[in-house]
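One-letter residues, chain by chain:
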Amino acid sequence: MNAPDTPFALDSAVAQAADKVEPRVVAWRRDIHQNPELGNREVRTAKLVADHLRALGFDSVQEKVAHTGVVGVLKGGLPGPVVALRADMDALPVAEEVDVPFKSTARAKWNGMDCGVMHACGHDAHTAILMGVAEVLAGMRARIPGTVKFLFQPAEETPPVGEEGGAKMMIAEGCLKSPDVAAVFGLHISSIYPTGMIGYRSGPLLASADRFRVFLRGVQTHGAMPWRGIDPIVIGSQVVLGLQTIVSRRMDITKEPSIVTVGVFQGGVRQNIIPDEVKLEGTMRAFDEGQRGEIQEHVKRIVEMIAAAGGAKAQVFIDRGYDITVNHPQLTEWSVPVLQRIAGEGNVAVVDKICGSEDFSCFQQQVPGFFYFLGCTARDKDAATAAPNHSPRFYVDEECLKVGVMTMAGLALDWLDANKG
Ligand SMILES: [Zn+2]
Ligand SMILES: [Zn+2]
């Protein structure tokens, strides 16, 4: 009988398999890039994924999870626990400006508007990487102590208005159950780091993202007779400034950073009419659940009090968005040496928090989860000035894909080995 595999023995097997699958990972990524699909519409992408998993002999391949998601189960040849790996599949309503042979010219309706569609957040890379991991692990399944669950998730960038979707819906449909998942890993490529660099952080990594909508109702009047009405534009302007005192005056900024941004200020149709109503919309970001709640309270109070002071009526709606992405401290501590071994110690670093948000946070609320960044800006370019994720000029150096395959496969194998009991 052979001696049991050590993580190091498996490393070389993973590296060899990753080398072999790399050209196909690149090809999948380009194919998905050229055929991007918006949230809850990832029909073609999901079929590509499901066909691939079936061809690899997966034990089960479940389609149409949370509309267009795919959940694949790969049972290893040895007894052990269940670990999950997650990739998101959706693109964004962005018209691509990068001149590559596989440039996207796709168009689609997004919330009723006709728009270009682009994988401007790199989810094409995430999907291709996880397809590569599936192939690598399927090729060594006899040596795997436990089960790997592959979560191909739709609509991470939020579903269209009026639809459910994403991680929350996949969980509600049981993607973490039978077999029950004990830990989950995910990655996100990012142009703010050089290719192959792994960025991680224990505890809060990405922010919560909640929306507020404010309606201020005044009394319409002639622009030349403001005393005959109540001007919601002036009151709205005071509200904008008032909201800026929440972070600067009310939050303990030594604890965690936070953000309140007004992104919509709509009102009026003509220069000489003071309108009845204005609408404000904005986003609130926090890295601490307590502060998140406080910010919401402050927004409500400031809007209501300023409106009352000016004689206007206020309505405030708070729409809770994604929760804070919190990396499980012990799982993070455990993951770092694995990443260093696979990607090279010099390529793994603690990074700053990011004020974006992720619904990977939903999985982390159910089971310990670790989410990390993978740099995708070529080493001869300046990552500090590279077009960011969501830009029409977002560019992925495909050299990063193999690092993604090796680290995800390595984390899954090592975790199963360390927890096989
Ligand atoms: Zn994004
Ligand atoms: Zn993303």
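Refer to the preceding data block for the structure.
Reading the values: rules and limits
- Residues numbered from 1 in each chain as written.
- Chains lettered and ligands numbered in written order.
- Predicted model: local features only at pLDDT ≥ 70, side-chain atom pairs only at ≥ 80, totals over all residues.
- Heavy atoms only, no water.
- Helix = DSSP H or I, 4+ residues; strand = E, 2+ residues; numbered from the N terminus.
- Buried < 20%, exposed > 50% of the residue type's maximum accessible area, 1.4 Å probe, protein only.
- Contact = heavy atoms within 4.5 Å.
- Donors = N, O, S within 2.8 Å, 3.2 Å for Na, K, Ca; no water.
- Pairing = 2+ DSSP bridges.
- Axes fitted to C-alpha atoms, helices over the stretch in contact; angles between N-to-C directions.

### Examining the environment of leucine 411
As for its placement among the helices and strands, leucine 411 is situated in helix 9 (residues 400-418). The exposure class of leucine 411 is buried, given its relative accessible area of 0%. Considering only alpha carbons, one finds leucine 411 and leucine 339, 72 residues apart in sequence, at a separation of 7.5 Å. Apart from residues no more than four positions distant in its own chain, leucine 411 is found in contact with Phe185, Trp334, Ser335, Val338, Leu339 and Tyr372.

### A few points about the coordination of the zinc ion (ligand 1)
Donor atoms from the polypeptide that coordinate the zinc ion (ligand 1) comprise Cys121 (SG), Glu157 (OE) and His390 (NE2), at 2.0 to 2.3 Å from the metal. Along the chain, the residues that donate to the zinc ion (ligand 1) are spaced as C-x35-E-x232-H. Taken as a pair, the zinc ion (ligand 1) and the zinc ion (ligand 2) lie 3.0 Å from each other and share cysteine 121 as a ligand. Highlighted residues: cysteine 121 in the loop between strand 5 (113-116) and helix 3 (123-138) and glutamate 157 in the loop between strand 6 (145-153) and helix 4 (166-172), separated in sequence by 36 residues. There is no split in this pair, since cysteine 121 and glutamate 157 are both buried.

### Points about the sheet that holds strand 8 (residues 198-200)
The 8 strands lie next to each other as 1-2-6-3-7-18-8-17, forming an open sheet whose pairing is mixed. Of all strands in the sheet, those with a lone pairing partner are strand 1 (60-65) and strand 17 (348-350), marking the two edges. Across the sheet, the mean angle separating the axes of adjacent strands is 25° when strand polarity is ignored. In this sheet, strand 18 (residues 369-377) lies alongside strand 7 (residues 183-194) in parallel orientation, the contact comprising 8 bridges.

### Thoughts on the sheet that holds strand 12 (residues 258-267)
Read across the open sheet, the 4 strands follow the order 12-14-10-15; overall the sheet is antiparallel. Lying at the two open borders of the sheet, with one neighbouring strand each, are strand 12 and strand 15 (313-319). Across the sheet, the mean angle separating the axes of adjacent strands is 20° when strand polarity is ignored. Of the pairings in the sheet, the one linking strand 10 (residues 208-217) to strand 14 (residues 277-286) comprises 10 bridges and is antiparallel in character. Counted as the bridge partner of aspartate 210 is methionine 284 from strand 14. Running at roughly 170° to strand 12, helix 5 (residues 232-250) makes contact with strand 10, strand 12 and strand 14 of the sheet. Contacts from helix 6 (residues 289-310) reach strand 10, strand 12, strand 14 and strand 15, with the element oriented near 165° to strand 15.

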